[in-house]
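Each chain is listed here by its residues.
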Amino acid sequence: MAIHKLDLDEFDEIDYYLIAIHTTLEDYRLAYFINQHLPINLSKSKDEIHISIKEGETQFSRFYFDDEDNFISWNLIQNKNEVIGKKEIINQDLFSNSTQEVATKVFLLPELKKVDYFLKIESDEDDVKINEILTKLKTIKSLSTVYVVDTETIKSKNNLIF
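So, about the packing of aromatic side chains. Applying the stated criterion to the full structure yields one aromatic pair. When the centroid spacing of 5.5 Å and the interplanar angle of 65 degrees are considered together, the rings of Tyr32 and Phe33 count as edge-to-face. Its relative accessible area of 48% is what places Tyr32 among the partly exposed residues. Here the basic side chain of Lys120 rests over the ring of Tyr16, its NZ or CZ set 4.8 Å away from the ring centre.

Our next topic: unusual backbone geometry. Positive phi, normally seen in glycine, also occurs at Phe71, with a value near 55 degrees. Its location among the elements puts Phe71 in the loop between strand 5 (62-67) and strand 6 (72-78). Residue Phe71 is classed as exposed on the basis of its relative accessible area, which comes to 58%.

With 26 residues, the main nonpolar core has Ile19, Ile34, Trp74 and Leu76 as its most contacted residues. For this core, the secondary structure elements donating two or more residues are strand 1 (16-23), helix 1 (27-37), strand 5, strand 6, strand 9 (117-123), helix 2 (130-137) and strand 10 (143-148). Counting 17 residues, the second-largest nonpolar core is a separate cluster that includes Leu18, Phe60, Val83 and Ile154.

Rules of the game
Residues numbered from 1 in each chain as written. Predicted model: local features only at pLDDT ≥ 70, side-chain atom pairs only at ≥ 80, totals over all residues. Heavy atoms only, no water. Phe/Tyr/Trp six-rings, centres within 6.5 Å; stacked < 30°, edge-to-face > 60°. Buried < 20%, exposed > 50% of the residue type's maximum accessible area, 1.4 Å probe, protein only. Lys NZ or Arg CZ within 6 Å of the ring centre and 35° of its normal. Helix = DSSP H or I, 4+ residues; strand = E, 2+ residues; numbered from the N terminus. Core = buried A, V, L, I, M, F, W, Y, C linked by side-chain atoms within 4.5 Å.

The structure is reproduced here in structure tokens:
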């Protein structure tokens, strides 16, 4: 009987680029400007990204484009959102106990809290011209900063699986 050995490091291979975007734009306006500067057509995805934490559940908006000609998938993902939970306040006076809504900031990638959006570019091929994409994105006037994130340093990269 033959013995087959699998190397688990083969499955750990990251086949995407992650671009961090700092901006004050709303997600739909950012998708519009990216569509204007890159040869893609991002559109709002019905499948938002759900995250559950102890304070509650939240969803991150997602814009998606599948470039079938070049075998590239583009995802524009929101990094910041809020979870609104109820907190009970115990008073020591005549009034009864009350509840108050408390908003908690939640991040898709908590180690990159200052980033507003991520552009995830997935491709099986190595022909993605990431520097050319960065140059085109930097021409959008409403973006403060655009840079490539080193995916090896991300601890919560499981949040990017969708």
